[in-house]
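Structural overview for review
Listed below, chain by chain, are the residues.
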Amino acid sequence: MRAIRAGRSWWIYAGDAVSDDARARSVLPVLQPEGWALLQGLGEYDESRALSIGERLRAEGHDPATVAAVLTQARLRARAREKFGERACAMLFTEDGLEQSTRQEIATQHAERFRRVGLTSVADLGCGIGGDAMALASRGLRVQAADRDELTAAVAAVNLRPFPTARVLCGSAEDHDPSATDGIWLDPARRRVRRDGARARRVHDPEAYEPPLSFVTALASRLGSDGADGPLGVKLSPAIDRAALPERTETQWTSWHGQVLEATSWFGPLAEPGILTSALVIDRAGTHQLSRSATDPAPDDVPVGAIGAHLYEPDGAVLRAGLLAALATQLHARTVDPTIAYLTGEELVATPFARGFAVHDVMPFSLKALTSYLRHHRIGVLEIKKRGTAVEPEELRRKLRPRRFGDGSATLILTRAAGEQVVIVAQPHDAKGAA
Ligand SMILES: C[S@@+](CC[C@H](N)C(=O)[O-])C[C@H]1O[C@@H](n2cnc3c(N)ncnc32)[C@H](O)[C@@H]1O
């Protein structure tokens, strides 16, 4: 392993093997004092001025390769602010590394698990550009981060400079000695990166992750003692089949402002005792958690009944974690059909785990009947949702041409109830939970 130090001073080695690579060309010049100073002095990146800035810098005598790298890094920093906030302004990136990195709000949740159980040191094996490692280090944990890709490890070393408790190595997860740290974090690569410029393909089979899930489970057991797993967390695809999850873990699906971004399996003391799956929902109001233990009802054990006064569309993390039954209990609700994940009930319950709607009307699906309904009620602004029906929302919108009916708005929910295709005309509950 080649050491790349983060901390007060730093030294980076990026060998000839990577110097011809376009990725390397976007990073190596800014590791030099001239490139770094130019990048830091550039100010806010504005795409429309990039060409003229480039021309000006070259006219001032800066090397074209350095100018190109500086502009690439400035563009990546601007894009990265969405994930890393102000911290992005002092970071470096590779395109792949930024795309695969964990956004700061979620990385903080990962780091909190390690901190809560009292661990003091964590190895981040496959640290990428350091998204998770920075969150761990900023929580006061001693971090040993490693990535087998030399350029990525160099970038992580720059990004971890502000954290004296972090150190970055270029090396393989497979070479890690589990006794070196209290806990381990892994975020395996889940996309095949193509060097020919084509988009990377996502990998769905956990055995095709790098490193594969079987390596991770074996590592958790080596980290533990007396047959129990040690404290290890691994990020997985949110689309992972629940049957493929490692045993003796809590797996948590995280949704961020309505988007399910990841599943994470927690081993040993990092798992909540007795909990099999959980959903962590992050929204404007904060973080919210719903869990299922081995003694709770099975995921699909939900009563079925007629459409009531309110309809709930569960968050994707709730569905993937198999928490439909748990949510139905909270909302005093039932499903509209055994195979459809909409919940319905008589009560308006404000919940972060579902989007709620007040039901105004329910009718069998018919284009003619729907057209005259919208005309009669002057509804011209439509949100169209569907589950369990072949009708395509955009095609329906084209056929309805609703703008001609007026300025009223409604949500149309196309689904199946009691074996029939129906349209539910509804209004979303407002932010305060009122209908
Ligand atoms: C998904 S990225 C990690 C992103 C990181 N958590 C972050 O927030 O920035 C996965 C990384 O694992 C690295 N990797 C893949 N297989 C590895 C292995 N066997 N050992 C070490 N690193 C590996 C890849 O080079 C890649 O940078």
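Summary of the structure given here. Computed from a predicted structure; not experimentally measured.

1. Quick notes on the overall build of the protein
When helices and strands are tallied, the protein shows 14 helices and 19 strands. The C-alpha extent of the protein, read off along each of the three principal axes, is 70 × 65 × 35 Å. Looking at the protein as a whole, 52% of its 435 residues are labelled buried. Contacts in the protein between residues at least 24 apart in sequence constitute 67% of all its contacts with a sequence separation of at least 6. In the form shown here, the protein has an accessible surface area of approximately 20200 Å², with 49% of it arising from carbon and sulfur atoms. The centroid of the 54 positive side-chain charges in the protein is displaced by 5 Å from the centroid of its 55 negative side-chain charges.

2. Notes on helix 7 (residues 104–116)
Under the 1.5 Å per step criterion, the end-to-end length of helix 7 is 18 Å for 13 residues, consistent within 8% with the ideal 18 Å. Just past helix 7, the residue glycine 118 takes up positive phi, approximately 85 degrees.

3. Regarding the packing of aromatic side chains
Summed over the entire model, instances satisfying the criterion amount to three aromatic pairs. Note on phenylalanine 84 and phenylalanine 93: the rings are 6.1 Å apart at their centroids and 35 degrees apart in plane angle, and the pair reads as tilted. For phenylalanine 93, a relative accessible area of 0% gives the class buried. Here the aromatic residues Phe114, Trp185 and Trp266 are joined through ring pairs into a cluster of three or more. Sitting over the ring of tyrosine 342, arginine 387 keeps its end group 4.9 Å from the ring centre.

4. Examining the site of the ligand
The environment of the ligand is formed by 23 residues, the closest being Thr102, Asp132, Asp147, Ala173 and Asp187. Cysteine 127 has a polar backbone atom sitting 3.4 Å from an oxygen atom of the ligand. Taken together, the residues of the shell around the ligand sort by class into six nonpolar, ten polar and seven charged.

5. Considering the packing of helix 4 (residues 50–59) against helix 5 (residues 64–84)
Across the interface, helix 4 lies against helix 5 with an axial gap of 10 Å and an inter-helix angle of 150 degrees. Along this stretch, helix 4 crosses helix 5, giving a crossing that reads as right-handed. Across from Ala50, Ile53, Gly54, Leu57 and Arg58 in helix 4, the residues of helix 5 making contact are Pro64, Val67 and Leu71. For the contact of helix 4 with helix 5, a count of residues per class yields six nonpolar, one polar and one charged.

6. Observations concerning unusual backbone geometry
Cis geometry marks the peptide bond from glutamate 210 to proline 211; its omega dihedral reads -5 degrees. Its place among the elements puts proline 211 in the loop between strand 7 (201–202) and helix 10 (213–223). In the Ramachandran plot, arginine 378 falls in the positive-phi region, its phi being about 55 degrees despite a non-glycine side chain. The topology assignment puts arginine 378 in the loop between helix 13 (367–377) and strand 17 (379–386). The backbone of arginine 401 sits at a positive phi, close to 40 degrees, despite the residue not being glycine. The topology assignment puts arginine 401 in the loop between helix 14 (393–400) and strand 18 (408–417). Among the residues examined, arginine 401 registers a relative accessible area of 52% and is labelled exposed.

7. What about the packing of helix 7 against helix 8 (residues 131–138)?
Interhelical geometry of helix 7 versus helix 8 gives an angle of 50 degrees and a closest axis separation of 8 Å. By the angle between their directions, the pair helix 7 and helix 8 is classed as oblique. Here helix 7 and helix 8 pass one another in a crossing that is right-handed. Packed against helix 7, whose contacting residues are Gln104, Ala107, Thr108, His110, Ala111 and Phe114, the element helix 8 presents Gly131, Asp132, Met134, Ala135 and Leu136 at the interface. The residue inventory of the contact of helix 7 with helix 8, partitioned by class, reads six nonpolar, four polar and one charged.

8. Concerning the environment of aspartate 301
Counting through the fold element by element, aspartate 301 comes out in the loop between strand 12 (286–293) and strand 13 (310–314). Taking the C-alpha atoms as reference, aspartate 301 lies 9.2 Å from proline 338; in sequence the two are 37 residues apart.

9. Notes on the sheet that holds strand 14 (residues 334–337)
Spatial ordering of the open sheet is given by 14-15-13-16-19-18-17, a layout of seven strands whose pairing is mixed. Bordering the open sheet on either side are strand 14 and strand 17, each of which pairs with just one other strand. Neighbour-to-neighbour, the strand axes of this sheet turn through a mean angle of 45 degrees, independent of strand direction. Pairing geometry for strand 13 and strand 16 (residues 354–364), over five bridges, is antiparallel. Along strand 16, the bridge assignment pairs leucine 311 with phenylalanine 357. Packing against the sheet, helix 13 makes contact with strand 16, strand 17, strand 18 and strand 19 (420–428), and its axis sits at approximately 135 degrees to strand 17.

10. Considerations on the pairing of strand 12
Judged from the eight bridges that link them, strand 11 (residues 275–283) and strand 12 form a sheet pairing that is antiparallel. Note on strand 12: the bridge partner recorded for alanine 279 is leucine 290. Count of turn residues in the strand 11/strand 12 antiparallel hairpin: two residues.

The rules behind these values
- Residues numbered from 1 in each chain as written.
- Predicted model: local features only at pLDDT ≥ 70, side-chain atom pairs only at ≥ 80, totals over all residues.
- Heavy atoms only, no water.
- Helix = DSSP H or I, 4+ residues; strand = E, 2+ residues; numbered from the N terminus.
- Buried < 20%, exposed > 50% of the residue type's maximum accessible area, 1.4 Å probe, protein only.
- Contact = heavy atoms within 4.5 Å.
- Areas by Shrake-Rupley, 256 points an atom, 1.4 Å probe, with all protein chains shown as cover.
- Lys, Arg positive; Asp, Glu negative; His and termini not counted.
- Charge placed at Lys NZ, Arg CZ, Asp CG, Glu CD.
- Expected span 1.5 Å × (residues − 1).
- Phe/Tyr/Trp six-rings, centres within 6.5 Å; stacked < 30°, edge-to-face > 60°.
- Lys NZ or Arg CZ within 6 Å of the ring centre and 35° of its normal.
- Near = heavy atom within 4 Å.
- Polar contact = N/O pair within 3.5 Å; in protein donor to acceptor, adjacent residues only side chain to side chain.
- Nonpolar A, V, L, I, M, F, W, Y, C, P; charged D, E, K, R; others polar.
- Axes fitted to C-alpha atoms, helices over the stretch in contact; angles between N-to-C directions.
- Left-handed = near helix turned anticlockwise from the far one by under 90°.
- Parallel < 35°, antiparallel > 145°, perpendicular 65-115°, else oblique.
- Pairing = 2+ DSSP bridges.

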